[in-house]
Amino acid sequence: MKPRFPRLCDVVVLVSRPDRATRPTRPFAASCTIVDAPDVGGASTARPGRAARLVALAYGAVLGAVAVLGALGVAAEPVEDPFQTLAAWDYGHSRQPLAQIEALIRQTAPADRQKIETRLLEVLKSDQTPPAAKRSICRWLAVVGSDACVPAVAALLADPDLAHPARMALESLAAPAAATALRDSLATLRGDRLLGVLSSVGARRDPLAVDALARLTSADDASVACGAMVALGQIGTDHAARVLSGLQPPAALRTAQAEALVSAAHRLASSDKRDAAADIYQRLEDPSLPRPIRVAALKGLLATLPSAAAVPRFITAVQGDDAALRQAALTTYADAANRPLKDAVAAQLPTMAPAGQRLLLAILADDPDVTCRSAVLHVVESATDADICASAARCLALHGTAADVALMARLAHAEPANVAEAARDALAGMRGSEIDPALVRIVASGTEADRTVALDTLAARRAESALPMLVDLARSSDVALATQVVRALSSLGNSGQLDAVADVLVRTADDGLRGAAAQAIRAICSRTEDKAAAAAPLVAALNRAAAPTARIAILQQLPYAADEAALKAVRDALRQVDTAVADAAVRALVAWPNAAAVPALIELAKTTDQASYGVLCLRDGCLRLAQQKTLPLAQRLEIYRGVLAAARRPDERRQAIAGLADVPTIGALDLLRATVQDPELRREAMAAIVRLARPLAAVYHEQTLAALQELKAQTDDEQVNRDLDAAIRAVENVGQSPDGFIVAWLLAGPYAQPDKNGRELFDIAFPPEQSETAADVEWRPVAVAADRASGLIELNKILDGNDRAAYLATRLTVDRELAATLELGSDDGVKVWLNGHVVHANNAIRPCTPGQDKVAIKLRPGGNRLLLKVTQSGGEWSACCRLTDAGGKPLDGVIVNPAPAAAPAAP
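What comes next concerns the included structure. Please read all numbers here as calculations on a predicted model, not as lab measurements.

Examining the overall build of the protein
Working step 1: A tally of helices and strands in the protein yields 44 helices and 13 strands.
Working step 2: Evaluated residue by residue, the protein yields a buried proportion of 51% over its 907 residues.
Working step 3: Counting contacts in the protein only where the partners sit at least 6 residues apart, residues at least 24 apart contribute 68% of the total.
Working step 4: As presented, the protein carries roughly 39,900 Å² of accessible surface, and 52% of it is formed by carbon and sulfur atoms.

Next comes the structure, spelled out in structure tokens:
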């Protein structure tokens, strides 16, 4: 077994800590261990002056412990002369004098510490000073000491109790006398104390100690011999390396010698003595040595040998069977800053075995600084292994140039599939300003398959610089080429290319190209936020189009621009003499995506002499738009009003009546009450009023109740009467369920901000939380059935979308001050205001469960405004709120009515 050599330096601080009054004082210890061992797998961790820095760090840790203990109240009152007290200090005593001395050292500049050193030496030299105090003095002298303290400290090297702190002090001192003292003690010390000094001599890298260490390498004590070799390796001079190399140790110490030689070689290499280091590394390639030694030798050789000599070793290791050497070579290559070596290795890529090629290609694919394009291209063109060919192709994403684009385009539609995929990835990732023009050249002159690859790549690269060249190609007389280019513009183009694509749509007689152009226009318009910029080139193309087919093709695209100018162009086209063009204009108007088209649709429905157009305008135009939940309620009401006035058939009127039931406004109620007088629509209108009653009663309680009672007096239909009775009961108990759930609210929203998720919206103050009477807030009544167990408001069924917020408001009226509890459930986050003050906030992402949060509140006499903000991140979106007493029972004496003191004007 290899002898163990101590490579650890322990710094131990023992301080006293007052314990409980009933217990005696006992020691309180803190320790710091410093490791100083060579790394045989790589560069040594030891550096000049490292020991001094480590001791300083350890000393800093000691001072930190002192500060902590002082903060805990361990220190007693300051003493008048801590140095005098130190002379009698021992474990178990108050450490206040130590703390004072340590504070003094910290506060004194290095140049002014001689007085501290002198006082410390006086105490150290005294035979009456306890060993515990001398230990602390040695640690302090490591920081403040000079040549003057060396004799006194060196005298302690033979002391079994004080040898360690004395040695550590000398190791860290920059004074030449400290090195001499350690060196001289090599001849007089034995056992563990000698081993410690060997460690310190090595840590100091004392070149004058080489001869003394050389003598100790043949010591009978194997630990001493081992320690001497380690120290020689740490010193690492030419002389030390020669001594190490010339040793003939017993078999048990050969590994220790090899480790020391690794350290010495690292020192020589770092001193720019590369040849000498390489000689040692070559010696350490001996197969009989442990693998870690040979790994370190290989790494060292690759870093020190000239490229011509290092390359064969790298290739041999990478292609060999030894996994450790293979990994060492690859790691060294990947981390190396030696460009000539890296380039020389890469140049050998075509000659390597497949296994080696695969490993090297994986590194080259991530290293942009290696010159390897030619070698990689050679592998791409000659490899018989598809996986290696694919790996080489992917390398060209980083190393390829415009000259390689044509080859990659051919491979991208060839077999096997993994090579084609790698080629496409390479094309998408290639760098440089010449890549996109090279792809455009392929589009202009390549085969159809190459063109497809090039166009797909341009789209994947989001190559906006290629757009002008693609626009020119879109006007090509080659229909197949133009079609492919226009399809590429569908995903790559912007409003700046709409003029060219619209021109293609107007000019072409080819159905395939026309379809591609129409699809490109729709795609570009859909992602263009500036609809005016999208509409202008389309309107211009419509104005210059002469052929009906061309005008029809443009009209079909105008709804995707949906701008005022585009709508005017469609309305003008309604008057076209050509019936096919006029028909296209009608259908474009019907397909319009927003309510701006409603006046034109209503007008056309009233005036057209073609019944089918009237049906289209109302059913597929107006009624479709009125169902958009994002439209203001007043606008939806006016659309339904217009449909009822313009419809010539009962079917459209019935659809309008059904829609009015989802518009909780007093205007919708009035319109339905008037419609009840029409015998043909009476039943549908009554059913709509019943549906509308409950949400509307949340704000317009008296008007809704009066309307229901009026209807009840006008009908003798038993089923209708039963429905009216149920509606009346619901309206009479509109605000709160028997279990205390609040079931009638005013709802505002949704509110969102670009690039903000639900959690980020939680603390953004939207208008409803800024002012109760904000003019730009539209409140709509919502309610759930009073007999529904959870009182759940399902916001996702009322408002569409994710990453948004909504507000629910109601009013709680009491005749006296009342303590209450709000039991809340929410999906997702919920924030609650009572009378303008935040009483609860939980920015959660969770499903809704009644009673998840409980909030104690106090209601003031009169009206109390309750406001909830509910955020939505994704999935379901809901909230519920229950009002209870402290025991969890429904609260008596509260009137829940969301209507404000003055109901909003009836829309």
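Alright, that's what it looks like, and here's the rest.
Points about the pattern of salt bridges
Working step 1: Counted by the stated rule, this structure contains 42 salt bridges.
Working step 2: Between Glu769 and Lys869 there is a salt bridge whose closest N-O contact spans 3.3 Å. Within this pair, whereas Glu769 is found in helix H44 (residues 767-770), its partner Lys869 is found in strand S11 (residues 862-872), the two being separated by 100 residues in sequence.
Working step 3: Linked by salt bridges that have partners in common, Arg475, Asp499, Asp503, Arg507 and Arg544 make up one network.

Concerning the pairing of strand S6 (residues 804-814)
Working step 1: Of all 11 residues that make up S6, nine are buried, and the element is covered over most of its length.
Working step 2: Of the strand pairs in this sheet, strand S3 (residues 744-751) and S6 are connected by four bridges, and their pairing is antiparallel. Bridging from a neighbouring strand, Ala748 pairs with Tyr807 of S6.
Working step 3: Sheet topology note: the S6/S11 ladder contains 11 bridges and is antiparallel. When the bridges of S11 are listed, Arg804 appears paired with Gln872.
Working step 4: Bridge analysis of S6 against strand S13 (residues 895-896) gives two bridges, and the strand direction is antiparallel. Bridged to Leu812 within S13 is Val896.

Some words on the nonpolar core
The tendency in soluble globular proteins is for nonpolar side chains to be buried side by side.
Working step 1: Leu86, Leu213, Phe314, Leu364, Val376, Met408 and Leu558 are the most contacted members of the largest nonpolar core, which totals 250 residues.
Working step 2: Top contributing element to this core by residue count: helix H11 (residues 222-235), with nine residues.
Working step 3: Once residues lying within four places of it in the same chain are set aside, the contact partners of Leu213 are Leu186, Leu198, Val201, Ala228, Ala231, Leu232 and Ile235.

Concerning the sheet that holds strand S12 (residues 878-884)
Working step 1: One open sheet holds the four strands; their spatial order is S5-S12-S7-S10, and the pairing between them is antiparallel. Unpaired on one side and paired on the other, strand S5 (793-794) and strand S10 (853-859) mark the two borders of the sheet.
Working step 2: By the bridge criterion, two bridges tie S5 to S12 in an arrangement that is antiparallel. Bridge pairing links Ile793 to Ala879 in S12.

Re the packing of helix H29 (residues 511-527) against helix H30 (residues 531-544)
Working step 1: At a closest axis distance of 8 Å, the pairing of H29 and H30 adopts a crossing angle of 155°. Taken together, the axes of H29 and H30 lie roughly antiparallel to each other. Crossing hand, H29 versus H30: left-handed. Between H29 and H30, the residues in contact are Ile521, Cys525 and Ser526 and Lys531, Ala534 and Leu538, respectively.
Working step 2: A breakdown of the residues in the contact of H29 with H30 according to their chemical character gives four nonpolar, one polar and one charged.

A short note on the packing of aromatic side chains
Working step 1: In the structure shown here, the tally under the stated rule is five aromatic pairs.
Working step 2: Ring geometry for Trp89 against Tyr91: centres 5.9 Å apart, planes inclined by 80°, an arrangement best described as edge-to-face.
Working step 3: Judged by its relative accessible area of 34%, Tyr91 is partly exposed.
Working step 4: Seen in terms of ring centroids, Tyr751 and Phe766 are 5.3 Å apart; in terms of plane orientation they differ by 25°. Their pairing is stacked. Placement of the pair is Tyr751 in strand S3 and Phe766 in the loop between helix H43 (758-761) and H44, with a sequence separation of 15 residues.
Working step 5: A relative accessible area of 15% places Tyr751 in the buried class.
Working step 6: Here Phe766 falls in the buried class, since its relative accessible area comes to 6%.

Thoughts on the environment of Leu538
Working step 1: Residue position: Leu538 is located in helix H30.
Working step 2: The sequence separation of Leu538 and Ala502 amounts to 36 residues, and the corresponding C-alpha distance is 6.3 Å.
Working step 3: Setting aside its immediate chain neighbours within four residues, Leu538 contacts Ala502, Ile521, Cys525, Ile554, Gln557, Leu558 and Ala561.

Concerning the environment of Ile554
Working step 1: Looking at the element boundaries, Ile554 is found in helix H31 (residues 548-555).
Working step 2: For the pair Ile554 and Ala541, spaced 13 residues apart in the sequence, the C-alpha separation amounts to 7.3 Å.
Working step 3: In contact with Ile554, not counting residues within four places along its chain, are Ala502, Leu505, Val506, Leu538, Ala541 and Leu542.

Considering helix H34 (residues 579-590)
Working step 1: Over its 12 residues, H34 runs 16 Å from end to end, which matches the ideal 16 Å to within 8%, given 1.5 Å per residue.
Working step 2: Turning to H34, its buried residues number three or more, namely Val581, Ala582, Ala584, Ala585, Val586, Ala588, Leu589 and Val590.
Working step 3: Its side-chain oxygen placed 2.9 Å from the backbone nitrogen of Ala580, Asp578 serves as the N-cap of H34.

Brief notes about the side chain of Thr871
Working step 1: Looking at the element boundaries, Thr871 is found in strand S11.
Working step 2: With residues near it in sequence (within four places) discarded, Thr871 still touches Gly758, Leu761, Phe762, Arg804, Ala805, Asp827, Asp828, Gly829 and Trp877.

Remarks on unusual backbone geometry
Working step 1: The linkage connecting Glu415 with the following residue, Pro416, adopts the cis geometry, with an omega of -5°.
Working step 2: Relative to the helices and strands, Pro416 resides in the loop between helix H22 (405-411) and helix H23 (417-429).
Working step 3: Each neighbour pair has its own omega, and for Asp827 with Asp828 the value is 15°, a cis peptide bond.
Working step 4: Counting through the fold element by element, Asp828 comes out in the loop between strand S7 (818-827) and strand S8 (830-834).
Working step 5: Its identity as a non-glycine residue notwithstanding, Arg462 has a phi of 50°, on the positive side.
Working step 6: Within the element layout of this structure, Arg462 appears in the loop between helix H25 (448-460) and helix H26 (467-474).

Cut-offs and rules
Residues numbered from 1 in each chain as written. Predicted model: local features only at pLDDT ≥ 70, side-chain atom pairs only at ≥ 80, totals over all residues. Heavy atoms only, no water. Helix = DSSP H or I, 4+ residues; strand = E, 2+ residues; numbered from the N terminus. Buried < 20%, exposed > 50% of the residue type's maximum accessible area, 1.4 Å probe, protein only. Contact = heavy atoms within 4.5 Å. Areas by Shrake-Rupley, 256 points an atom, 1.4 Å probe, with all protein chains shown as cover. Salt bridge = Lys/Arg side-chain N within 4 Å of Asp/Glu carboxyl O. Pairing = 2+ DSSP bridges. Core = buried A, V, L, I, M, F, W, Y, C linked by side-chain atoms within 4.5 Å. Axes fitted to C-alpha atoms, helices over the stretch in contact; angles between N-to-C directions. Parallel < 35°, antiparallel > 145°, perpendicular 65-115°, else oblique. Left-handed = near helix turned anticlockwise from the far one by under 90°. Nonpolar A, V, L, I, M, F, W, Y, C, P; charged D, E, K, R; others polar. Phe/Tyr/Trp six-rings, centres within 6.5 Å; stacked < 30°, edge-to-face > 60°. Expected span 1.5 Å × (residues − 1). Polar contact = N/O pair within 3.5 Å; in protein donor to acceptor, adjacent residues only side chain to side chain.

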